[in-house]
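Residues per chain, in single letters:
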Amino acid sequence: MVDSFVYAAVRTPFGRFGGALAEVRPDDLAAVAVTGALAKAPALDPALIDDVVWGNANGAGEDNRNVGRMAVLLAGLPTSVPATTVNRLCGSSLDAAIIASRAVESGDADIVLTGGVESMTRAPWVLPKPSRAFPAGHVTAVSTTLGWRLVNDRMPKEWTVSLGEANEQLADRFTIPRERQDEFAARSHNLADEAWNAGFYDDLVVPVTQDGEVRLARDEGIRPGSTAGKLAGLKPSFRPDGVITAGNASPLNDGASAVLIGSERASQRIGLDPLARIAGRGVSALDPQMFGFAPVEAADRALERAGISWSDVAAVELNEAFAVQSLACVDAWKIDPALVNAKGGAIAIGHPLGASGGRILGTLAARLRESGRRWGVAAICIGVGQALAVVLENVTEGAR
């Protein structure tokens, strides 16, 4: 067995639902991320890429028919470069990186391009096919943007509650008040704005252009100057007396991410020194409505497989699906909250489902490189009760 490494990572800016990227197809967004990742490795002959593993959660519209392969073709890579698309909902692009790392470590591949994409704006409405010809009744078009749709009647009702209601239940279970959630959300916006202004994202984000026009160059949903006081004025979204609002949950977004993964011996062909070693992986699952808490076990398993503990960890990238589930995880890990999402998180930056795993992995590698610290964790909750986590070891010069 050999080790697998992160060599490069990029993403598009994340656009708001119906915002600047609304007219850009998801396969085109994916192609932007592919091109951006390869631009960071100009010495790499794209024909040497053994495989492309791409994440996508919805897949019901323009992202159908293996959007990973569509991205490869639209980006102009040789037709000899294969690609597959994987779906683990919100964790799809982190799953893609995990799959790639296993391929490299087993010797099945030396260079794998991974990533993910989602256009939640362009996710279509769908109609089920009738069981017989010429039905007389009405048929309802179902949105594929987010959450359960066309639910199997055999599923227990407690499993299929809305994502928001599931997190209201988390707030009840762990007694996490709205004030803490709003403070966490405001922190996300302000840290993201600070990171952009300090140039942290300049090397991680590639602008999206269309017809020669820049559609978006910076994350569209960040609100500088956010405060818990301002967020306190928003109405609850799921219960009349609830704690979850549009301000302390991640929004609907469009965007793509990409991460280049390879073996150590592939360094010369890639033309780059590796950034980080993929040192541990973890997957976990529990009751579907408890999905927000699933990262706790996934991260613990990844740390165990890396042979380290939370006391060794200097940086955590936890996808902020909801402030309450992020706080529940941080509390369970008993870690310093300052380690978590120090450059902002999904509440501010956005959560285009299939792209978020690649975003947090790339951000984690960049944070470790900036700080010179050795160990970091990327973790993400996944609808229907799952989670994934990856431990990275900084291998850049001077890491400690």
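Before any of the text, the structure's been laid out above.
Analysis parameters
Residues numbered from 1 in each chain as written. Predicted model: local features only at pLDDT ≥ 70, side-chain atom pairs only at ≥ 80, totals over all residues. Heavy atoms only, no water. Helix = DSSP H or I, 4+ residues; strand = E, 2+ residues; numbered from the N terminus. Rg over C-alpha atoms; globule rule 2.2 N^0.38 Å. Buried < 20%, exposed > 50% of the residue type's maximum accessible area, 1.4 Å probe, protein only. Contact = heavy atoms within 4.5 Å. Areas by Shrake-Rupley, 256 points an atom, 1.4 Å probe, with all protein chains shown as cover. Lys, Arg positive; Asp, Glu negative; His and termini not counted. Charge placed at Lys NZ, Arg CZ, Asp CG, Glu CD. Expected span 1.5 Å × (residues − 1). Pairing = 2+ DSSP bridges.

1. So, the overall build of the protein chain
(1) Moving on: Regarding its fold elements, the protein chain presents 11 helices and 14 strands.
(2) Moving on: At 20 Å, the protein chain has a C-alpha radius of gyration in line with the 21 Å of a compact globule built from 400 residues.
(3) Moving on: The dimensions of the protein chain, computed from C-alpha atoms along their principal axes, are 60 × 55 × 40 Å.
(4) Moving on: Of all 400 residues assigned to the protein chain, the portion counted as buried reaches 57%.
(5) Moving on: Restricting to contacts in the protein chain with at least 6 residues of sequence separation, those with at least 24 account for 79%.
(6) Moving on: Here the protein chain has roughly 16500 Å² of accessible surface; of this, 51% comes from carbon and sulfur atoms.
(7) Moving on: Averaged over its 38 positive side-chain charges, the protein chain has a centre that lies 3 Å from the centre of its 46 negative ones.

2. Some details on helix α5 (residues 178–197)
(1) Moving on: Given a rise of 1.5 Å per residue, 20 residues ought to cover 28 Å, and the 29 Å separating the end C-alpha atoms of α5 matches this to within 8%.
(2) Moving on: Directly after α5, the chain includes Gly-199, whose backbone phi takes a positive value near 90 degrees.

3. Looking at the pairing of strand β9 (residues 213–216)
(1) Moving on: As paired elements, strand β8 (residues 208–210) and β9 share three bridges and run antiparallel to each other. Looking across to β9, one finds that Gln-210 is bridged to Glu-213.
(2) Moving on: The hairpin turn running from β8 into β9, its antiparallel successor, is two residues long, and Asp-211 in that turn takes a positive phi close to 55 degrees.

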